[in-house]
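A structural walkthrough
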Amino acid sequence: VGHCHPDIVKASHEQNQLLNTNSRYLHDNLVDYAERLSKKLPAKLCVFYFLNSGSEANDLALRLARQYTKHEDVIVLDHAYHGHLTSLIDISPYKFRNLEGQKEWVHVAPVPDTYRGLYREDHEDSVTAYANEVKNIIEQAHKRGRKMAAFFVESLPSVGGQIIPPAGYFQKVAEHMHKAGGVFIADEIQVGFGRVGKHFWAFQLQGEDFIPDIVTMGKPIGNGHPIACVATTKEIAEAFAATGVEYFNTFGGNPVSCAIGLAVLDVIEKEHLQAHATEVGNFLMKLLKEQKIKHPIIGDVRGSGLFIGVDLIK
């Protein structure tokens, strides 16, 4: 919503003058914000955990998935990056390949990239072909006695090269995961909150019928203020609560963070920023495509809204 947006600064300042406390103290902002956020998501995703960063959100998503499924293994896409905590370096090929390497419980699937990937635009059914790669990983893991907890994916892989997965890929992967007793986690930390233009969430680009089991949010949620969120289903949250070990986060969901979160949603709506992302994104894509005609080094221009990638080739 822009650097130092006056509405965000005002909301933060006003709440700071009144009260900021840890989340053991009840405060309306937390409930008001959860309610507002829930209106932006499919009804099934109705339980919210508030945290301080995207990394914290992804770490909690991992815990939720494991507690709910009672399984350990995770499938991620090649080149993925999901955060800087130890647990997330383990599921980030972008990082672990330069560090301790791949853990036994981590499985890496090819990026569903129809420009550079295994199955390209000329493939008769790249969606099924890429989803079958995940299915094969599950089958091979089962043969070794491993069990799947989650398929963990950015709704649009960013570090992996601004990739737009073909529509229908997530549905097919979710089907394979659910059959294996796992869940589908959509990481919206870079791409959520209207950035993709026509939808509020990037996972919605896959189609109306697709709903992840867990969604994680960070970065744009607070316009630079440290706030993050995990949204999930009642069933998953109940399995997590059944351990008797409550989830507590000292400053996650504090009154100031929630006031800022509410102000961000207000600005996005009031200033029609989703439509703006579509319009400016389309304009930028048009100009980039004109450059592509002129310069052979530009192999591909792809994107949605203000999530845009230019693929340079030799």
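None of the values given here were measured: they were computed from a predicted structure. Per chain, residue numbering runs from 1 following the sequence as it is written. With pLDDT at 70 or above as the cut-off, local features in this predicted model cover only qualifying residues; side-chain atom pairs require 80 or more to be listed or tallied, and sums for whole chains, interfaces and linings still use all residues. Only hydrogens and water are set aside when side-chain values are computed; all heavy atoms of the structure are taken into account.

**Topic: the overall build of the chain**
When you go through the chain residue by residue, the secondary structure sums to 10 helices and 9 strands. For 314 residues, the compact-globule formula gives about 20 Å, and the C-alpha radius of gyration of the chain, at 20 Å, lands near that figure. Considering only C-alpha atoms, the chain reaches an extent of 60 × 55 × 40 Å along its principal axes. Split into buried and exposed, the 314 residues of the chain put 51% on the buried side. Contacts between residues were defined by any pair of non-hydrogen atoms, one from each residue, lying within 4.5 Å. Counted over contacts in the chain with a minimum sequence separation of 6, partners at least 24 positions apart contribute 72%. In short, Shrake-Rupley with a 1.4 Å probe defines the accessible areas, and a residue's cover is counted only from the protein chains shown. With an accessible surface of roughly 15000 Å², the chain has 53% of that area assigned to carbon and sulfur atoms. Strands here are runs of E lasting at least two residues and helices are runs of H or I lasting at least four, both read from the DSSP assignment and numbered beginning at the N terminus. Between the two quantities, the radius of gyration covers C-alpha atoms and the globule rule is 2.2 Å times the number of residues to the power 0.38. Residue burial is assigned from relative accessible area. The probe radius is 1.4 Å, only protein chains are included, and a residue is buried under 20% of its type maximum, exposed over 50%, and partly exposed in between.

**Focus on the nonpolar core**
The nonpolar side chains of soluble globular proteins are, as a tendency, buried together. Counting residues in hydrophobic clusters, the biggest one holds 52 residues, and the most contacted among them are F151, Y169 and M217. Those residues in contact with M217, other than ones at most four positions away along the chain, are L37, L41, G54, A57, I189, F193, W201, A228, C229 and A231. Counting residues in hydrophobic clusters, the runner-up holds 25 residues, among them L60, F96, V183 and F240. Put simply, buried Ala, Val, Leu, Ile, Met, Phe, Trp, Tyr and Cys residues joined by side-chain atoms within 4.5 Å make one nonpolar core.

**Comments concerning the pairing of strand β4 (residues 148-154)**
Judged by how many residues are buried, β4 sits mostly within the fold: 7 of 7 residues are covered. One requirement defines pairing of two strands: DSSP has to find at least two bridges between them. Bridging between strand β2 (residues 73-77) and β4 involves 4 bridges; their strand directions are parallel. Paired with V74 across the two strands is A150, which belongs to β4. We call a crossover right-handed when, viewed with the strands running away from us, the connection from the first strand over the helix to the second turns clockwise. Remark: the β4/helix α7 (residues 169-179)/strand β5 (residues 183-187) crossover connection has right-handed handedness.

**A look at the sheet that holds β2**
Sheet architecture is open: 7 strands sit in the order β1-β7-β6-β5-β4-β2-β3, paired in mixed fashion. The outermost strands of the open sheet, each flanked by one partner alone, are β1 (47-51) and β3 (106-109). Within the sheet, the average angular offset between the axes of one strand and its neighbour, ignoring direction, is 20 degrees. As paired elements, β5 and strand β6 (residues 214-217) share 3 bridges and run parallel to each other. By the bridge assignment, A186 is partnered in β6 with V215. Angular values range over 0 to 180 degrees, each being the angle between N-to-C directions of two axes fitted as lines to C-alpha atoms, with helices fitted over their stretch in contact. Lying on the sheet, helix α6 (residues 126-143) is in contact with β2, β3 and β4; it crosses β3 at an angle near 155 degrees.

**Here's the deal with the pattern of salt bridges**
Salt bridges are defined as contacts in which a side-chain nitrogen from Lys or Arg sits within 4 Å of a carboxyl oxygen from Asp or Glu. Counting across every chain of the model gives 17 salt bridges. Of the charged contacts in the structure, one is a salt bridge between E14 and K10, with a shortest N-O distance of 3.5 Å. You can see E14 and its partner K10 sitting in helix α1 (residues 6-18), 4 residues apart, about one turn around the helix. Under the relative-accessibility criterion, E14 is labelled partly exposed at 38%. One salt bridge connects E100 with K103, and the closest N-O pair in it is separated by 3.9 Å. Its relative accessible area of 71% is what places E100 among the exposed residues. Through salt bridges with shared partners, one network takes in R36, K40, D266 and E269.

**As for the pairing of β6**
Looking along a regular strand, one sees the side chains alternate between the two faces of the sheet. Of the two faces of β6, the one lined by I214 and T216 and the one lined by V215 and M217 are each fully buried. In terms of strand pairing, β6 meets strand β7 (residues 228-232) through 4 bridges, oriented antiparallel. Residue pairing in the sheet places I214 in a bridge with T232 of β7.

**Side note on α1**
A rise of 1.5 Å per residue sets the reference length of α1, with its 13 residues, at 18 Å; its end C-alpha atoms lie 18 Å apart and thus fit the reference within 8%. Looking only at α1, the buried set comprises I8, A11, S12 and Q15. The buried residues of α1 occupy an angular sector of 95 degrees when the element is viewed end-on, so they sit on one face. α1 presents P6, K10 and Q17 as exposed residues on the side facing more than 90 degrees away from its buried surface. On the buried face of α1, the contacting elements are α2 (28-38) and α9 (255-270). Each helix should span, by expectation, one fewer than its residue count multiplied by 1.5 Å. It is the directions from the helix axis to the C-beta atoms whose arc is reported.

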